[in-house]
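Spelled out from the first residue to the last, the chains are:
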Amino acid sequence: MSRGGSGGRTRVKTARGRTAASQRWLERQLNDPYVRRAKAEGYRSRAAYKLIELDERFGLLKGVRRVLDLGIAPGGWSQVVRRQVPAASIVGIDLLPVDPIDGVTIMQLDFMDDSAPRLLEEALGGQADLVLSDMAANTVGHPQTDHLRTMGLVEAGVDFACDILRPGGAFVAKVLAGGADNDLVATLKRNFTAVKHAKPPASRKDSSEWYVIAQGFKGRAATVDARADEER
Ligand SMILES: C[S@@+](CC[C@H](N)C(=O)[O-])C[C@H]1O[C@@H](n2cnc3c(N)ncnc32)[C@H](O)[C@@H]1O
């Protein structure tokens, strides 16, 4: 048995060289029905089933023509959109490289980079019907910090969605339960006619993630009015 450590935490390696944490992760993957199903059905991630389940419940993909996938890697959500709506134009962005997906434009770039909104808009070629954000900041193991970092990404996603969505469009984002969620829901309610939240069955029960589903974007004018009200 060997020992290694980082940041004060001790990682114990098994006889075969895996850390106990990676061993647990591997076992969980092997026993996970969604992982098996994703492999059998050709999806790159078990996350694909979260979007499938959200779509079944909220009808997100019906009639969409332009879709943005923020935090696309490894590509499960875009595969779902592509399969359900083959004619849709899909643009995705991620920090990580993503293997090509037929019919999907992929950018390897930080969504928080100043150039990202313009580049995404140019690639999409028009207003979006649906903005998806499954982005999650790298966790540091401190729940409140993890929550705030991911909420920062979601808030940037909402701002961008309000600039690029067509009236009537929808925004879906992953959030981590924490404390800043109420502000997010309030912002969404000002800009969308229906705001709901859901934890799809494919989302692991021990994960603090849930999804916010905002439908019926009120339009840019309503957004600008709401911002002016806030500044008064
Ligand atoms: C849970 S994964 C997305 C899974 C994806 N929906 C799927 O079905 O395959 C979250 C992704 O968000 C990406 N991400 C996190 N912060 C980001 C940022 N600032 N800009 C772009 N992507 C980011 C991560 O690199 C990661 O690949």
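Right above here is the structure, for reference.
So, a few notes on the structure that sits alongside this text.

Criteria and cut-off values
- Residue positions are given per chain, counting from 1 as you read along its sequence in written order.
- Where totals are concerned, whole chains, interfaces and linings use all residues; where local detail is concerned, this predicted model gives features only for residues with pLDDT of at least 70, and gives and counts side-chain atom pairs only at 80 or more.
- As a rule here, side-chain values cover all heavy atoms of the structure and leave hydrogens and water aside.
- Strand pairing follows a simple DSSP-based rule, namely that at least 2 bridges must link the two strands.
- Here a helix means four or more residues in a row that DSSP labels H or I, a strand means two or more in a row labelled E, and each is numbered from the N terminus.
- Between N-to-C directions, angles cover 0 to 180 degrees, with each direction set by a line fitted to C-alpha atoms, over the stretch in contact for helices.
- Convention used here: angles under 35 degrees read as roughly parallel, angles over 145 as roughly antiparallel, angles from 65 to 115 as roughly perpendicular, and any remaining angle as oblique.
- Any two residues whose heavy atoms approach within 4.5 Å are treated as being in contact.
- Whether a residue is buried, partly exposed or exposed follows from its accessible area with a 1.4 Å probe, protein chains only, as a fraction of its type maximum: under 20%, in between, or over 50%, in that order.
- By definition, the arc is the one covered by directions from the helix axis to the C-beta atoms.
- Under the pairing criterion, centres of Phe, Tyr and Trp rings, with the six-membered ring standing for Trp, must be within 6.5 Å; the plane angle then separates stacked pairs below 30 degrees from edge-to-face pairs above 60, leaving the rest tilted.
- By convention in these notes, a residue is near a molecule or strand provided one of its non-hydrogen atoms lies within 4 Å of it.
- Polar contacts, as counted here, are pairs of nitrogen or oxygen atoms within 3.5 Å of one another; within protein the pair requires one atom able to donate a hydrogen and one able to accept it, and residues that are adjacent in sequence qualify only if both atoms are side-chain atoms.
- The Shrake-Rupley method, run with a 1.4 Å probe, gives the accessible areas here. Residue values count only the displayed protein chains as cover.
- Here the nonpolar group is Ala, Val, Leu, Ile, Met, Phe, Trp, Tyr, Cys and Pro; Asp, Glu, Lys and Arg are the charged ones; every other residue, Gly included, is treated as polar.
- Working definition of a nonpolar core: buried Ala, Val, Leu, Ile, Met, Phe, Trp, Tyr and Cys residues. They are joined through side-chain atoms within 4.5 Å.

**Observations concerning the sheet that holds strand E7 (residues 165-176)**
One open sheet accounts for seven strands, arranged E5-E4-E3-E6-E7-E9-E8; its pairing is mixed. Each edge of the open sheet is held by one strand with a lone partner, namely strand E5 (104-108) and strand E8 (192-198). Within this sheet the neighbouring strands show an average axis-to-axis angle of 15°, counted without direction. As judged from the five bridges shared by strand E6 (residues 128-133) and E7, these two strands associate in the parallel manner. What sits directly across from Ser133, in E7, is Ala173.

**Comments concerning the packing of helix H6 (residues 143-164) against helix H7 (residues 181-191)**
Between H6 and H7, the least distance of the axes is 11 Å, while the angle of their chain directions is 10°. On the basis of their axis angle, the class for H6 and H7 is roughly parallel. Counted together, His147, Met151, Val154, Val158 and Cys162 of H6 and Asp181, Leu184, Thr187, Leu188 and Asn191 of H7 form the full contact between these two elements.

**As for H7**
If you check which residues of H7 are buried, you get Asp181, Leu184, Leu188 and Asn191. Looking straight down H7, one finds its buried side chains confined to an arc of 90°; they lie on one side. Facing away from the buried surface of H7 by more than 90 degrees, the exposed residues are Asn182 and Asp183.

**Examining the packing of aromatic side chains**
Enumeration according to the criterion identifies five aromatic pairs in this entry. Here the aromatic rings of Tyr43 and Tyr49 are separated by 5.6 Å at their centres, their planes lie at 85°, and the arrangement is edge-to-face. Taking relative accessible area as the criterion, Tyr43 reaches 11% and is therefore assigned buried. By relative accessible area, which is 1% here, Tyr49 ends up buried. Measuring from ring centre to ring centre gives 5.7 Å for Phe111 and Phe160, while their planes differ by 65°; the resulting arrangement is edge-to-face. Of this pair, Phe111 sits in the loop between E5 and helix H5 (116-124) while Phe160 sits in helix H6, and the two are 49 residues apart along the sequence.

**Re the site of the ligand**
The local shell around the ligand holds 20 residues, among which Gly76, Asp94, Asp110, Phe111 and Asp134 are the closest. A distance of 2.6 Å separates an oxygen atom of the ligand from a polar atom in the side chain of Asp94. Asp110 has a polar side-chain atom sitting 2.7 Å from a nitrogen atom of the ligand. About the coverage of the ligand: the protein hides 87% of its 600 Å² of free accessible area. Per-class residue counts for the shell around the ligand are twelve nonpolar, four polar and four charged.

**Describing the nonpolar core**
Within the largest apolar cluster, 34 residues are counted, with the highest numbers of intra-cluster contacts made by Leu68, Leu120, Val131, Phe171 and Leu188. If you tally residues by element for this core, the top one is H6, at nine residues. With residues up to four places along the chain from it excluded, the contact list for Leu120 reads Leu68, Leu70, Val91, Ile93, Met107, Phe111 and Phe160.

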